[in-house]
Amino acid sequence: MPNDKAAPDHARFHHIIPGHIAEIEALTEALRGWADRLAIPARTVNSIILMLDELLTNVVMHGYGKTDSGEIEVSVLSIVNGVEVIIRDSAPAFDPFSIAEPDITLDVDERDIGGLGVHFVRKMADSFTYRRDGEFNEVRFSKNFPS
């Protein structure tokens with residue numbers, strides 16, 4: 001697991017959910033409650049939830065697809081100036097950040113379908129990485145508190 005041993009338990013949110021779209025809302029509501037208890041700024045929380053929703057939906061729809069057999073582990077750490085998020089899943093290896101940037105200058109009718117969600121995460125996150133850890137995909141991203 002990540003190098004989060006220094007984070008006190010109250011500064012860490014950790015949930016494992018079945019890889020189903022219906023589970024994402026419950027996870028984000030639990031995350032919102034945790035963030036409220038730590039007084040994390042609403043703007044940061046809203047950004048994290050939007051990015052999580054996009055990335056978790058991609059894991060469910062594209063990673064697990066019709067197999068319906070995976071879980072998704074989500075850890076959120078309160079760090080000095082923001083929040084770090086780690087998503088782990090056992091879907092086939094896939095780096096979401098390897099997707100080419102979409103050409104958003106084209107008309108909607110001329111654009112390829114898909115790819116905007118990851119583009120959105122790239123623009124909103126202050127950092128993001130992907131790695132394959134054995135049988136697991138691990139996506140990390142962070143969001144700094146507003147200045």
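Caption draft 1: The arrangement of the overall build of the chain in detail. Check the secondary structure of the chain and you find three helices and five strands. Counting from the amino terminus, the chain carries its helices and strands in the arrangement β-α-α-β-β-α-β-β. Residues classed as buried in the chain amount to 39% of the 147 residues present. For the chain, the accessible surface area stands at approximately 8,500 Å², while carbon and sulfur atoms represent 52% of it.

Caption draft 2: Local environment of the environment of Ile87. Tracing the backbone through its elements, the reader meets Ile87 in strand β3 (residues 82–89). Note: C-alpha distance between Ile87 and Ile72 (15 residues apart in sequence) is 7.0 Å. Apart from the residues lying within four places of it in its own chain, the contact partners of Ile87 are Leu52, Leu55, Leu56, Ile72, Glu73, Asn137, Glu138, Val139 and Phe141.

Caption draft 3: Expanded view of the packing of aromatic side chains. With the rule as written, the count across this model stands at one aromatic pair. Arg88 extends its terminal NZ or CZ atom over the ring of Phe136, reaching a point 4.8 Å from the ring centre.

Caption draft 4: Structural context of the confidence of the model for the chain. Averaged over all residues, the pLDDT of the chain is 85; the fraction at 70 or higher stands at 79%. Overall, residues 1–6 carries pLDDT values under 50, and its contacts beyond four positions in sequence, including any with other chains, amount to ten contacts.

Caption draft 5: Focus on helix α2 (residues 42–64). The end-to-end C-alpha distance of α2, which contains 23 residues, comes to 31 Å, matching closely the 33 Å that a straight helix rising 1.5 Å per residue would cover. Inspection of α2 places Thr44, Val45, Ser47, Ile48, Ile49, Met51, Leu52, Leu55, Leu56, Val59, Val60 and Tyr64 among the buried residues, and these make up the whole buried set. Following α2 by one or two positions, Gly65 adopts a phi angle in the positive range, close to 50°.

Caption draft 6: Quick peek at the environment of Arg88. Residue position: Arg88 is located in strand β3. Within the structure, the side chain of Arg88 is placed 2.9 Å from the side chain of Asp133, a separation counted as a polar contact. Polar contacts involving the side chain of Arg88 include one to the side chain of Glu138, which spans 3.0 Å.

Caption draft 7: How the structure looks around the pairing of strand β4 (residues 127–133). Direction of pairing for β4 relative to strand β5 (residues 136–144): antiparallel, over a ladder of seven bridges. Across the sheet, the residue bridging to Ser127 is Ser142, located in β5. Between the antiparallel neighbours β4 and β5 lie two residues, among them Gly134 with a positive phi of about 65°.

Caption draft 8: Structural view of the sheet that holds β3. The strand order across the open sheet formed by five strands is β1-β2-β3-β5-β4, and the pairing between neighbours is antiparallel. For this open sheet the edge positions go to β1 (12–18) and β4, each flanked by a neighbour on one side alone. Put simply, the sheet's adjacent strands are angled 15° from each other on average, direction ignored. With respect to the sheet, helix α1 (residues 21–37) is in contact with β1 and β2 (71–79), its orientation differing from that of β1 by roughly 170°. Sitting on the sheet, α2 touches β2, β3 and β5, and the angle it makes with β5 is about 165°.

What counts as what
- Residues numbered from 1 in each chain as written.
- Predicted model: local features only at pLDDT ≥ 70, side-chain atom pairs only at ≥ 80, totals over all residues.
- Heavy atoms only, no water.
- Helix = DSSP H or I, 4+ residues; strand = E, 2+ residues; numbered from the N terminus.
- Buried < 20%, exposed > 50% of the residue type's maximum accessible area, 1.4 Å probe, protein only.
- Areas by Shrake-Rupley, 256 points an atom, 1.4 Å probe, with all protein chains shown as cover.
- Contact = heavy atoms within 4.5 Å.
- Phe/Tyr/Trp six-rings, centres within 6.5 Å; stacked < 30°, edge-to-face > 60°.
- Lys NZ or Arg CZ within 6 Å of the ring centre and 35° of its normal.
- pLDDT = per-residue confidence, 0-100.
- Expected span 1.5 Å × (residues − 1).
- Polar contact = N/O pair within 3.5 Å; in protein donor to acceptor, adjacent residues only side chain to side chain.
- Pairing = 2+ DSSP bridges.
- Axes fitted to C-alpha atoms, helices over the stretch in contact; angles between N-to-C directions.

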